[in-house]
2 protein chains.
Amino acid sequence: MNSNNPSATPHKADKATVRRHNLSLVLTTVHDEGEATRAGVASRVGLTRAAVSSLVDQLLTDGFLTEWGKTFSGQAGRPGTVLKVARTGPAGLGVEINIDYITVCVVDLAGTDRVRLVERRDNRGAAPAAVLSQAARIAARAIESAAEQELRPVAAELALPGLVSGGAVRQAPNLGWNRVAVEGLFAQALTALRPTHRALPVSADNEANLAAMAELWFGGCAGGDGEPRVSSFIYLTGEIGIGGALVLNGQLLRGAHGFAGEIGHVVVEPDGPECRCGARGCLEQYAGQAALLRTAGLDETAGAAGVAELESRAGAGDRAALGALEDAGRRLGRVLSGAVNLIDPDAVMLGGVFRGFMPWLAPAADQELTARVVSGLWTPGNGRLRASSSSGDAARGAAARGVREVLADPAAYAERVTG
Amino acid sequence: MNSNNPSATPHKADKATVRRHNLSLVLTTVHDEGEATRAGVASRVGLTRAAVSSLVDQLLTDGFLTEWGKTFSGQAGRPGTVLKVARTGPAGLGVEINIDYITVCVVDLAGTDRVRLVERRDNRGAAPAAVLSQAARIAARAIESAAEQELRPVAAELALPGLVSGGAVRQAPNLGWNRVAVEGLFAQALTALRPTHRALPVSADNEANLAAMAELWFGGCAGGDGEPRVSSFIYLTGEIGIGGALVLNGQLLRGAHGFAGEIGHVVVEPDGPECRCGARGCLEQYAGQAALLRTAGLDETAGAAGVAELESRAGAGDRAALGALEDAGRRLGRVLSGAVNLIDPDAVMLGGVFRGFMPWLAPAADQELTARVVSGLWTPGNGRLRASSSSGDAARGAAARGVREVLADPAAYAERVTG
């Protein structure tokens with residue numbers, strides 16, 4: 001119990017509430033273990049074998065669990081039936097709308113990416129409603145593909161590169177969007193395509209937040225080589241903009257209005273170049289994709305091809321390329337040292353274009369972190385500054401969030417599964 | 001239930017655990033309301049009147065609650081007996097060891113400051129063990145005074161200006177302390193004075209963290225004039241060093257190792273003057289007390305007298321004083337804009353010497369915040385940047401934490417009260 005907040009003391013629990021919690025507890029245990037027997041679940045969660053059997057029966061009937069034959073694991077007692085979470089039934093739908101692509105994916109209860117559609121397109125030129133309509137068309141196709149695999153999305157989540165709160169994008173500077181009611185527009189467009197999709201709840205979040213959750217749930221929060229699993233980290237994604245997210249103890253730090261994590265707009269040079277956000281000298285103007293390409297003497301609008309060229313030049317020892325990456329690494333390191341002094345995370349994960357640039361960015365960043373983090377816990381090569389496991393997968397994080405909701409309260413979704 | 005973390009699903013609750021939770025629920029409700037009847041508590045927490053009566057009886061017997069006559073509040077039903085938390089019995093002991101003073105205070109269950117002893121002394125010259133022994137002597141006198149008021153501290157908490165973790169100060173640059181096992185040394189010194197104090201559990205935390213909790217629990221988190229209560233804020237205390245704490249939804253953000261909130265060591269000028277922490281150009285070197293006095297042309301070691309002189313000069317329109325405060329405000333504003341972009345709090349509270357300097361610091365800081373906070377929620381004079389309600393009271397925050405532990409689980413303390 002947290003002694004700082006006595007008013008968080010739980011209220012009286014009634015029997016139905018307890019059963020509902022226990023359904024989630026059993027389902028989550030099987031999910032987290034990958035597979036488990038009834039006896040294994042009982043010993044893990046501290047409920048009686050009889051109680052677990054009754055809960056498992058309901059989860060089987062409602063289609064959240066499946067039986068997979070007997071286990072002969074050598075443990076005491078009779079062999080048990082192996083339980084796994086169902087690979088059909090409830091699923092999550094994720095829709096990432098980024099500056100130069102739209103990605104839609106569907107994940108099943110186990111978190112596996114089962115359907116993925118990607119469309120490269122420049123979304124900066126189009127009206128928000130048109131972009132959201134296009135996203136809905138792609139989503140409708142993904143839902144069709146999912147149905148062929150007997151998967152039914154129970155929630156859709158949009159991932160967007162900007163400040164997202166209350167179902168709307170408040171500001172997405174690199175898309176040029178201001179106060180766009182994305183949840184409503186997307187739901188409307190999807191329902192117009194298929195009236196039966198009216199029931200699908202739609203939510204929205206910042207893309208870096210969702211990419212960070214994908215990193216936490218599926219990615220390299222295990223550092224490899226026996227390093228401990230990381231649950232508190234700052235996640236940075238280098239794209240046309242720089243997105244950021246803060247994860248503490250496995251939870252997103254959202255802030256009071258949902259706008260936390262905007263590390264791309266931390267000031268680096270008070271009188272620096274103007275940023276799309278309206279301020280001057282933001283980190284994005286020094287370490288974003290365009291700034292990196294420009295400083296290295298490349299076309300700052302060259303996109304993925306420019307990034308590949310910069311990587312190749314740096315690999316070949318090109319001085320302008322190395323200088324640009326070192327400078328960006330130093331500035332990233334300074335901003336990150338401030339963020340680490342404020343937040344005290346276990347690690348910083350660099351995704352997006354930063355991932356490929358690590359060999360040349362990281363040494364300068366490490367040097368700044370070592371010099372400036374007051375705790376003394378940041379030293380070069382100790383693994384706290386690391387590349388994210390993928391270049392970032394906000395679509396999968398978005399899809400997985402729907403699945404997490406099912407795991408947290410399967411009873412709330414039972415009707416939709418069996419009905 | 002938080003859908004991000006299904007593994008947080010509660011385990012099976014048994015009857016004894018539920019009763020223990022409900023004891024806390026009832027006690028906390030009376031505490032938060034100031035006074036309440038049994039019927040009022042029942043309707044507030046959703047338990048039956050009979051259940052509440054049984055819980056209240058136990059809390060009365062164990063000395064956590066007292067009865068204060070009848071209420072005739074005009075509500076339906078018979079007049080009820082007014083309940084309040086006991087003003088005798090379990091209490092919290094707070095011990096703030098700062099650079100130029102030691103403060104010890106005892107607060108009762110209601111959070112009232114009942115004993116306070118302050119000793120001005122320069123702690124920089126002495127060995128840590130000697131300072132902690134002196135703190136123990138003051139604490140022993142405070143416990144004696146408390147006993148005369150029938151108050152018995154059930155927990156002691158030390159507040160220290162540095163990085164505190166695992167019962168030790170890792171680093172307190174302005175005290176010159178490194179790796180000092182403060183909890184053990186203090187407990188030892190206190191037990192040496194009075195063997196009966198051996199049972200008193202001792203803990204330790206950063207002083208800005210505890211001052212922030214005092215602000216949250218007792219201070220001006222209500223902004224006055226009907227402004228909403230603030231539960232997410234950055235707390236800055238300007239002392240010889242600059243301390244910082246982050247409070248989100250009423251909880252301290254501690255970070256992965258307990259070192260979060262070190263806003264004084266966020267870099268302002270990469271090649272600036274060397275800081276006591278070993279890095280260069282930290283905020284403390286531009287907006288700390290010594291820097292303020294120096295920039296204004298005063299003796300940087302003049303302490304409280306120097307601060308008073310600077311206030312008086314600024315009030316009289318002295319240009320050097322105004323320039324020093326404006327410059328510090330601008331730099332504070334830049335660092336704070338980065339922190340706000342990262343954390344997205346409701347407010348920033350300035351304590352310590354900053355409190356008195358607000359009229360001259362705040363405009364420049366507000367200007368930077370307005371220009372640089374990407375959410376657009378920070379505009380001059382909208383009350384988000386504000387002075388803390390006191391100049392900071394880490395000792396009271398430390399003492400109150402022991403009381404919060406009692407409120408969160410009175411059953412754990414019942415023996416000590418009645419025994």
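Fair warning: this is a prediction, and the values are worked out from it, not measured in the lab.

Asker: Any details on the overall build of chain A? Residues and values, ideally.
Answerer: Within chain A, the secondary structure is distributed over 13 helices and 15 strands. Relative to its length of 419 residues, chain A is compact, with a C-alpha radius of gyration of 23 Å against a globular reference of 22 Å. Each principal axis of the C-alpha distribution contributes one length, and for chain A these read about 70 × 55 × 45 Å. Residue pairs at least 24 apart in sequence account for 62% of intrachain contacts in chain A once pairs closer than 6 positions are excluded. Carbon and sulfur atoms provide 48% of the accessible area of chain A, an area that totals close to 16200 Å². Taking the average location of the 41 positive side-chain charges in chain A and that of its 44 negative ones, the two points are 5 Å from each other.

Asker: Please provide a residue-by-residue account of the nonpolar core, values included.
Answerer: Nonpolar side chains in soluble globular proteins tend to end up buried together. Ile263 and Leu385 of chain A together with Ile263 and Leu385 of chain B are the most contacted members of the largest nonpolar core, which has 100 residues in total. In this view, Leu385 of chain B contacts Leu336, Val348, Leu350, Met358, Ala362, Ala365, Asp366, Leu369 and Trp378 of chain B; residues no more than four positions away in its chain are not counted.

Asker: Break down the sheet that holds strand S8 (residues 168–172) of chain B for me, citing the residues and quoting the values.
Answerer: Residues and elements named next belong to chain B. Taken in spatial order, the 3 strands make up an open sheet running S7-S8-S9, and their pairing is antiparallel. Pairing within the sheet leaves two strands with one partner each, and these edge strands are strand S7 (163–165) and strand S9 (177–180). Each strand axis lies, on average, 20 degrees off the axis of its neighbour in the sheet, ignoring direction. Relative to S9, S8 is paired through 3 bridges, and the arrangement is antiparallel. Opposite Gln171, over in S9, you have Asn178 as the bridge partner.

Asker: Before we move on, could you go through the relation of the copies chain A and chain B and cite the residues and values that matter?
Answerer: Note: a rotation about an axis with an accompanying shift along it relates these two copies of the chain. Screw-axis analysis of chain A against chain B gives a translation of 0.0 Å along the axis, an RMSD of 0.1 Å, and a rotation angle of 180 degrees. What the superposition gives is, in effect, a two-fold axis relating one chain to the other. Comparing contact sets, 100% of the residues at the interface of chain A also lie at the interface in chain B, consistent with an isologous, same-surface contact.

Asker: Describe in detail the packing of aromatic side chains, supporting the description with residues and values.
Answerer: All names here are of chain A. Across all of its chains, the model carries 2 aromatic pairs over all chains by this definition. Between Trp217 and Phe218, the ring centres sit 6.5 Å apart and the planes meet at 75 degrees, which makes this aromatic pair edge-to-face. Given the relative accessible area of 14%, Trp217 is considered buried. The class for Phe218 is partly exposed, based on a relative accessible area of 26%. The ring of Trp378 has Arg384 lying over it, and the distance from NZ or CZ to the ring centre is 6.0 Å.

Reading guide: rules and limits
- Residues numbered from 1 in each chain as written.
- Chains lettered and ligands numbered in written order.
- Predicted model: local features only at pLDDT ≥ 70, side-chain atom pairs only at ≥ 80, totals over all residues.
- Heavy atoms only, no water.
- Helix = DSSP H or I, 4+ residues; strand = E, 2+ residues; numbered from the N terminus.
- Rg over C-alpha atoms; globule rule 2.2 N^0.38 Å.
- Contact = heavy atoms within 4.5 Å.
- Areas by Shrake-Rupley, 256 points an atom, 1.4 Å probe, with all protein chains shown as cover.
- Lys, Arg positive; Asp, Glu negative; His and termini not counted.
- Charge placed at Lys NZ, Arg CZ, Asp CG, Glu CD.
- Core = buried A, V, L, I, M, F, W, Y, C linked by side-chain atoms within 4.5 Å.
- Buried < 20%, exposed > 50% of the residue type's maximum accessible area, 1.4 Å probe, protein only.
- Pairing = 2+ DSSP bridges.
- Axes fitted to C-alpha atoms, helices over the stretch in contact; angles between N-to-C directions.
- Least-squares fit on C-alpha atoms with pLDDT ≥ 70 in both.
- Phe/Tyr/Trp six-rings, centres within 6.5 Å; stacked < 30°, edge-to-face > 60°.
- Lys NZ or Arg CZ within 6 Å of the ring centre and 35° of its normal.

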